[in-house]
Every structure is written in structure tokens, then in C-alpha cells.
Amino acid sequence: MAVAILKGTIVSAPALGKLDVAENGYLIAEDGRITGVFPVLPEQYAGAPVEDFGDALILQSFADLHLHAPQYPMLGMGMDLPLLDWLNAYAFPTEARFADPDYAREIYQGLARELVENGTTRVCMFSSLHRQATLILMEELEKAGVTGYVGKVNMDRNALPGVLEETTEDSMGETLRWLEECQDLRHIKPMLTPRFTPSCTDGLMAFLGRLAAERGLPVQSHLSENRAEMDWVRELHPDCRQYWETYAKYGMWNDRTVMAHCVWSDQRERQAMRDAGVTMVHCPDSNQNLCSGVAPVRAMLNEGGKVALGSDIAGGDHLCMFDVTAAALRASKARRVLDNWETDFLTVPEAWFLATSSGAAFFGEQPGFAPGNPLHAIVLDDSRLPQPHPLTPAERLERCVYLRQKDAVRAVWSAGRKVFSAE
Ligand code: GUN
Ligand code: FE
């Protein structure tokens, strides 16, 4: 049996707002699955090799539940337009380049590496509409050690004629072919990905809903991100009272559904997500960059909804989920102001839970470093940051969310495998 024993200051998020801390503790996994966090090395492991990281923090690695791989080349650029104009002016032309497999390979290798180096080991990710580039993306993620879901994007209307387009027939046929071709991957699995309601004809939506049901596939899309988008959806589906019903009516509304943004989801729409077990993905950087709004995350949580975090690159400008966590904290404070100081902002342990345990739940994990979970962990060095006074592990975690020394991430485990080491 393969045993991994990591020693350090272990901090994890076992529940919303709670941190478990084990100073000089041992995080142990057997055959890639966590057996526990222990204050002293249990007898049965005496003599087994220990990776001793000294005083470094050992944290859960991140789950990024919403990002667009083919927008990686435009990271940090073109944020001067609202969503629908931004898609046509920047996102669609950038994605069109992924018709070229060589280009896709080069870009996706870099993206996969950067994800792992930043401690993101589980993803729900959009590719472009290109089948071949989507397979390349999945291969590169698998090679780098990332786990999770990737979707070939479906978009058979309102795209860019002559630049980025697919017919309904192509969209269906290429999706089926892609599902055949990606079967052998172990850690990266397919997820059906209607881009958003304005991008998909009713026929395509019905096809994807049937396919999801027949094959038990998860679904990801966008929901209530921007007011103009919502007006458009209302025109396209006058029979639907709210945006979410355009997904629900085609059978894409259940506990394997992930909806990005939900900035403008009101109480009724949020309840529809809670009732169905849909995961809402809060993407604070993107929401601010594209002037979409400030999502009511506190209300989502108070109502018992499932909420995770997403970088949403390249609407979001940070791939690193430490930065996304800090952005979620700031957004929650902006929301508090918008709500006349009537809602609470997120605490650091709450935001940390959303970035780690909450996203990991979509992949079937229990919160924190629970026994039985696959080992997903980051070793974080903060020894070269100023030490104004002796800091608690919780204070160190808070500072690392906002501020990190260069090369702070020393090692990363994903599904039991060591996938990055700074040594
Ligand atoms: N809605 C439809 N497509 C996109 C996209 O690429 N990014 C964001 N943020 N929203 C979208
Ligand atoms: Fe998005």
C-alpha cells in the first residue's frame, strides 16, 4: 500500500465558517485517499517516510468551478465592455483561434501548468466549440494532474458568422464524437456545456437535455449574469417566467448542474436552485470587471444553497484562487454596502470554505481533509513574509489569501498524486 505522510501546520475547512487546525500535525493518505489528520504519528505508520514541511501551512487545494480555457490568452485584457459586447468583441474572436490544434496544444499546456502551480486541482471548465481542441485541453489537464470536468461548448446561434460558428447538426454530431473520443481519460471527464441560453437553439437544448439524462452527464452553463442578457433570454423564451426555467424545461436542472454567476438571481430563482440541488458559482472578479453586478452570496448561503467559487477567466483576471477568494471577500463587503449594511460580509474562513470544501463537494468529497477523500492539498510557505508578532494559523491563512511571498506554493497533491514540487 502506498502511504503519503505530510507534516506541517494543517488547516482545513470542515464546515462553513469553521477552521480545523493541527500544528505540527500529520496528514496521511493511503493509496491516494486520506485516512486522517493526526496530532502525533500513529503507531502503525512508524518507520514510514514523512515529508516534513516544517512550519509551512498544509491546506486543501482549490476547486475552480467556472473558467474558460480558450480565454486564457486574453487574461487581463479587454474589460471595457459589458458582457454581450465583450463576448462579440473579445471572447469569441479569441476562442476562434482554437480551430488550430497546434495553437491549442501550446496554450493549454501553459494553462494546465499554471493551474497546478497555483494549487487548483479540480475544475469545471469551458473549452471552445472545437472538438479537437477540447480533447487536447482534456489531455493536457490530465497530464498535468488536474482533475474534474471539461465541456466542449455548444453554441449554434448568435455567435460570430465566419469566425466562430457551428450549425445545430455540427454541434450535436461533434458532441457525440467528442464523448466517444474522451472516454479513456481517467481524471478529466466530459460535462455538457450549452454556452448560455442565447447561444443555443431550442432543438440543441432539447438534444443536450436528452443526452444528459441518457448518459448521466453533468451540465454547466451561465445564469442571470447581466441585465441585458436576462432581457434577451426573456425575449427568446417568452414562455419562461425566469431564466433558470430555460434550462429546467429541457431537463438540465438537477444536482449535477453548475450555474455560473447568478448575480441577479432573486429569491425565487435561488429557491429553484436550492430545491434542485444546483450549484451556484460565484465569480467575483468577472462580475466586477464586466460591471455585471455583485452577487448576493450571503443570501444564497443563508438560504442553504450550494455555492462555490470560480475564476471565470478571462472575464475574471486572476487564475489564482487565493486571489479569487480575496475578491469574494471584497465583493461581499460591496454587497453589504448595497444592502444598506443589512447583510453580513463573508469571513475569511467562510470564503476559504467556498474556495475549497464547497467546490470539492461537487466532486463527491466530504468537507475538509475528511477520511476517504482523495488527497488534494497545497503546501504553502509564508516564512519570508514579515512576522509582526506571533501569528495563529488562522491569521497566517488570512494573510496568504490576500498576500503571498514569491513561490509561496511549495508542493501540490491532486487525487493522491504529487503533481507539483518547487524543489
Ligand atoms: N456568458 C456566455 N458566455 C460567457 C463567457 O464566455 N463569459 C462570461 N463571463 N459569461 C458568458
Ligand atoms: Fe463564464
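Structural data are supplied above this passage.
Residues numbered from 1 in each chain as written. Chains lettered and ligands numbered in written order. Predicted model: local features only at pLDDT ≥ 70, side-chain atom pairs only at ≥ 80, totals over all residues. Heavy atoms only, no water.

## Section: the packing of aromatic side chains
So, step 1. Taken as a whole, this structure holds 11 aromatic pairs when the rule is applied.
So, step 2. Relative to Phe363, the ring of Phe362 lies with its centre 5.7 Å away and its plane at 85°, an arrangement referred to as edge-to-face.
So, step 3. A relative accessible area of 14% places Phe362 in the buried class.
So, step 4. Within the aromatic cluster, the residues linked to one another by ring pairs are Phe62, Phe322 and Trp352.
So, step 5. Here the basic side chain of Arg97 rests over the ring of Tyr103, its NZ or CZ set 4.2 Å away from the ring centre.
So, step 6. Its end group placed over the ring of Trp264, Arg227 keeps NZ or CZ at 4.5 Å from the ring centre. (Phe/Tyr/Trp six-rings, centres within 6.5 Å; stacked < 30°, edge-to-face > 60°. Buried < 20%, exposed > 50% of the residue type's maximum accessible area, 1.4 Å probe, protein only. Lys NZ or Arg CZ within 6 Å of the ring centre and 35° of its normal.)

## A short note on the site of ligand 1
So, step 1. Surrounding ligand 1, one finds His68, Gln71, Leu83, Trp86, Leu87, Arg195, Phe196, His222, Glu225, His261, Ser286 and Asp312.
So, step 2. Here Gln71 contributes a side-chain N or O atom positioned 2.8 Å from an oxygen atom of ligand 1.
So, step 3. About the coverage of ligand 1: the protein hides 100% of its 280 Å² of free accessible area.
So, step 4. Considering every element that reaches the shell around ligand 1, the biggest residue donor is helix H1 (residues 83-96), with 3 residues.
So, step 5. Grouping the constituent residues of the shell around ligand 1 by class yields 4 nonpolar, 5 polar and 3 charged. (Near = heavy atom within 4 Å. Polar contact = N/O pair within 3.5 Å; in protein donor to acceptor, adjacent residues only side chain to side chain. Areas by Shrake-Rupley, 256 points an atom, 1.4 Å probe, with all protein chains shown as cover. Helix = DSSP H or I, 4+ residues; strand = E, 2+ residues; numbered from the N terminus. Nonpolar A, V, L, I, M, F, W, Y, C, P; charged D, E, K, R; others polar.)

## What to know about the sheet that holds strand E17 (residues 417-421)
So, step 1. An order of E3-E2-E1-E4-E15-E16-E17 is seen for the 7 strands of this open sheet, with the pairing classed as mixed. Edge positions in the sheet fall to strand E3 (33-38) and E17, since each of these pairs with one other strand and no more. Each strand of the sheet is rotated relative to its neighbour by a mean of 35°, with strand direction disregarded.
So, step 2. Sheet topology places strand E2 (residues 18-30) next to E3; 5 bridges connect them, and they run antiparallel. Note on E3: the bridge partner recorded for Leu27 is Val37. (Pairing = 2+ DSSP bridges. Axes fitted to C-alpha atoms, helices over the stretch in contact; angles between N-to-C directions.)

## Overview of unusual backbone geometry
So, step 1. The linkage connecting Ile313 with the following residue, Ala314, adopts the cis geometry, with an omega of 5°.
So, step 2. A positive phi angle, close to 45°, is found at Ser224, a residue other than glycine.
So, step 3. The topology assignment puts Ser224 in the loop between strand E11 (219-223) and helix H6 (227-236).
So, step 4. Of note, Cys262 is a non-glycine position whose phi angle comes to about 55°, a positive value.
So, step 5. Along the chain, the position of Cys262 falls in the loop between strand E12 (257-261) and helix H8 (267-276).

## Some remarks on the environment of Asp255
So, step 1. Looking at the secondary structure, you find Asp255 in the loop between helix H7 (244-248) and E12.
So, step 2. What makes Asp255 partly exposed here is its relative accessible area of 48%.
So, step 3. With 19 residues separating them along the chain, Asp255 and Arg274 place their C-alpha atoms 9.2 Å apart.
So, step 4. For Asp255, the contacting residues outside a window of four places in its chain are Ala276, Gly277, Lys306 and Phe362. (Contact = heavy atoms within 4.5 Å.)

## Section: the side chain of Ser171
So, step 1. Tracing the sequence through the fold places Ser171 in helix H4 (residues 168-181).
So, step 2. Owing to a relative accessible area of 0%, Ser171 belongs among the buried residues under this scheme.
So, step 3. Of the polar contacts made by the side chain of Ser171, one reaches the side chain of Asn154; its length is 2.9 Å.
So, step 4. Setting aside its immediate chain neighbours within four residues, Ser171 contacts Lys152, Asn154, Met155, Glu166 and Leu204.

## Topic: the coordination of the iron ion (ligand 2)
So, step 1. Bound to the iron ion (ligand 2) on the protein side are His66 (NE2), His68 (NE2), His222 (NE2) and Asp312 (OD), at distances that span 2.0 to 2.4 Å.
So, step 2. With 4 donor atoms in place around the iron ion (ligand 2) and angles of 85 to 175° between them, the coordination shape is irregular.
So, step 3. Coordination of the iron ion (ligand 2) draws on donor residues from a single chain, spaced H-x1-H-x153-H-x89-D in sequence. A residue pair is termed long-range when its members are at least 10 positions apart, and His222 in strand E11 and Asp312 in the loop between strand E14 (306-309) and helix H11 (321-338) qualify at 90 residues. (Donors = N, O, S within 2.8 Å, 3.2 Å for Na, K, Ca; no water. Tetrahedral: all angles 85-135°; square planar, octahedral: opposite > 155°, others 65-115°.)

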